[in-house]
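A look at the structure
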Amino acid sequence: MRQQLSSVRFKYMAGMVVDATGSGMYLPLSLLYFHHVTGLPLTEVGAIVTAASVIGLISNPVAGVLIDRFSARAVLVGGYVLRASAFCIYPFVDNSMAMFAVVLPVALGDTSYPPAIQSFVAEIVQGAERDKLLALQRSLRNAGMGVGGLLAGAALALDDSGFYVVVLGAAAGYLVAAGLLSTIRPGASAPPVGGRVSRKGGYRMVARNRPFLGLTLLNIPTAFAYMVLSVALPVYLTRELGAPVSLVGIMYAVNTVGIAVLQIPVTRLLVKYRRTRAVALGAGVFALSFVAFAVLGGLSTGAALIAGVFAATAMFTAGELLHGATASALVAQAAPEETRGRHLAVYQLSWAVPIALAPTVLTALLSLSATGMWLLLAAGVAGSALGVLRLEPRLPPAAVHPVPPEAAPAVSETSPTGKVA
């Protein structure tokens, strides 16, 4: 059994590393690629990508149905193949209509990925092993993204053909990941009696699961918090605090390296405690980091400011370490197996909508009051922390308490009301 689990973990993580490396090659250049190849203005390129992303949200509920009807693996592999096919067509794009036609399938695949990958992890490992696998995934994906960025830089240092190497490399990464994950046969949990549920009434079951909907709503402020590093912090540091642009890259490196190095040992410690407590603690540390960023506005430039930025970024990273992998494991276990795909698709909206709105909302708040933005974010995540603690008694015990796979009960699935069946 242990040998089989080890083989599954190896294949899964190999797929994640290849996926992340390919994504890391392309993501930093997503807008620049089409601007360079087609000659379209950056504003038009950005508008096309945004439109495709918004339309792509429709794949979220569809993915939930497909996961429950077929399997998480089928949706996951299908999404990889869909995106790889679109990337292979990228070099032939020469106008705005063609660009929209190829970025839309990528957006559909991107949106279907989170509920599919969370459901897939829930199928192949249980209990504390789920937390550990998700921690390993976060760590290695950060490393893979970094390697991908370096490979992209090396390719573009040669000549303009490096752009085509980047997109075809990303396509190859998706195909290899699809091949690796397609060989994994989920066997951690037995299928529901009578086979998978039909599509009829599936989302009504999610609507009746109030504890799960509570988790979903409480995640919205935290999702905005995660977007701070890429959206609000660069503007705040350079325009409000007068810090050099180079500091933005250093802070990003502090965060990504911290996650890559520390996520696994931190999660190994957290599996001894209730997942809800770790998630709430992570949100609380986010709140402290935002208060620290707000205080920085009163500091003069110089060593004190730089030290304060490092300290606040370190606290933000600590919040991620406490919250990230544990929250994913909590939600996956809280979702009933029979409709896990639909439940996780709904939960993913608590990430997708804030991610889409964050550039507009955070920059608007920043323009009104930088200090006010940080304090509002701090209040939001602090409220999420308290909400998760209050919700804890209503969540399935197996979701709250990580347990070793061999100690897990044979039947401990949840009913649509969130109670143990």
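An account of the accompanying structure is given in this report. Because the structure is predicted, anything quoted here is derived from the model rather than measured. Along each chain, numbering runs from 1 in the same order as the chain's sequence is written. A pLDDT threshold of at least 70 governs which residues receive local features in this predicted model, and a stricter bar of 80 or more applies before side-chain atom pairs are shown or counted, although totals over entire chains, interfaces and linings include all residues. Hydrogens are left out, water is left out, and the side-chain values use all remaining heavy atoms of the structure.

1. Thoughts on the pattern of salt bridges
Heads up, the rule is: Each reported salt bridge corresponds to a side-chain nitrogen of Lys or Arg within 4 Å of a carboxyl oxygen of Asp or Glu. The helix count covers DSSP runs of H or I at least four residues long, the strand count covers runs of E at least two residues long, and both are numbered beginning at the N terminus. Only protein chains enter the accessibility calculation, which uses a 1.4 Å probe. A residue is then buried if its area is under 20% of the maximum for its type, exposed if over 50%, and partly exposed in between.
Across all of its chains, the model carries five salt bridges by this definition. Put simply, Glu-392 and Arg-277 hold a salt bridge, and the shortest N to O gap is 2.9 Å. Here Arg-277 lies in helix H13 (residues 275-296) and Glu-392 lies in the loop between helix H16 (370-391) and helix H17 (397-400), a separation of 115 residues in the sequence. Glu-392 sits in the buried class, given a relative accessible area of 10%. Judged by its relative accessible area of 42%, Arg-277 is partly exposed.

2. Let's talk about the nonpolar core
We apply this condition: Side-chain atoms within 4.5 Å are what join buried Ala, Val, Leu, Ile, Met, Phe, Trp, Tyr and Cys residues into a set we call a nonpolar core. Should any heavy atoms of two residues lie within 4.5 Å, those residues are counted as being in contact.
Tyr-12, Tyr-26, Phe-34, Tyr-80, Phe-87 and Tyr-90 are the most contacted members of the largest nonpolar core, which has 55 residues in total. Per element, the largest residue contribution to this core is 12 residues, and it comes from helix H6 (residues 96-124). Excluding residues that lie within four positions of it along the chain, Phe-34 makes contacts with Tyr-26, Gly-39, Leu-40, Val-45, Tyr-90, Val-93, Met-99, Val-102 and Val-103.

3. Looking at the packing of helix H3 (residues 42-56) against H6
When two helices pack together, their arrangement is captured by the angle between the axes and the distance separating the axes. Defined as follows: Each axis is a line fitted through C-alpha atoms, and for a helix only the stretch in contact is used; angles between axes span 0 to 180 degrees, taken between their N-to-C directions. Should an angle fall under 35 degrees it is called roughly parallel, over 145 degrees roughly antiparallel, and 65 to 115 degrees roughly perpendicular, with every other angle called oblique. For a crossing to be left-handed, the near helix must be turned anticlockwise from the far one by less than a right angle; the clockwise case is right-handed.
In the contact formed by H3 and H6, the axes pass within 8 Å of each other and the chain directions differ by 40°. By the criterion of interaxial angle, the relationship of H3 to H6 is oblique. When you trace H3 past H6, the crossing you get is right-handed. Every residue of H6 that contacts H3 at Glu-44, Val-45, Ile-48, Val-49, Ala-51, Ala-52, Ser-53, Ile-55 and Gly-56 is listed here: Ser-96, Met-99, Phe-100, Val-103, Leu-104, Ala-107, Leu-108 and Thr-111.

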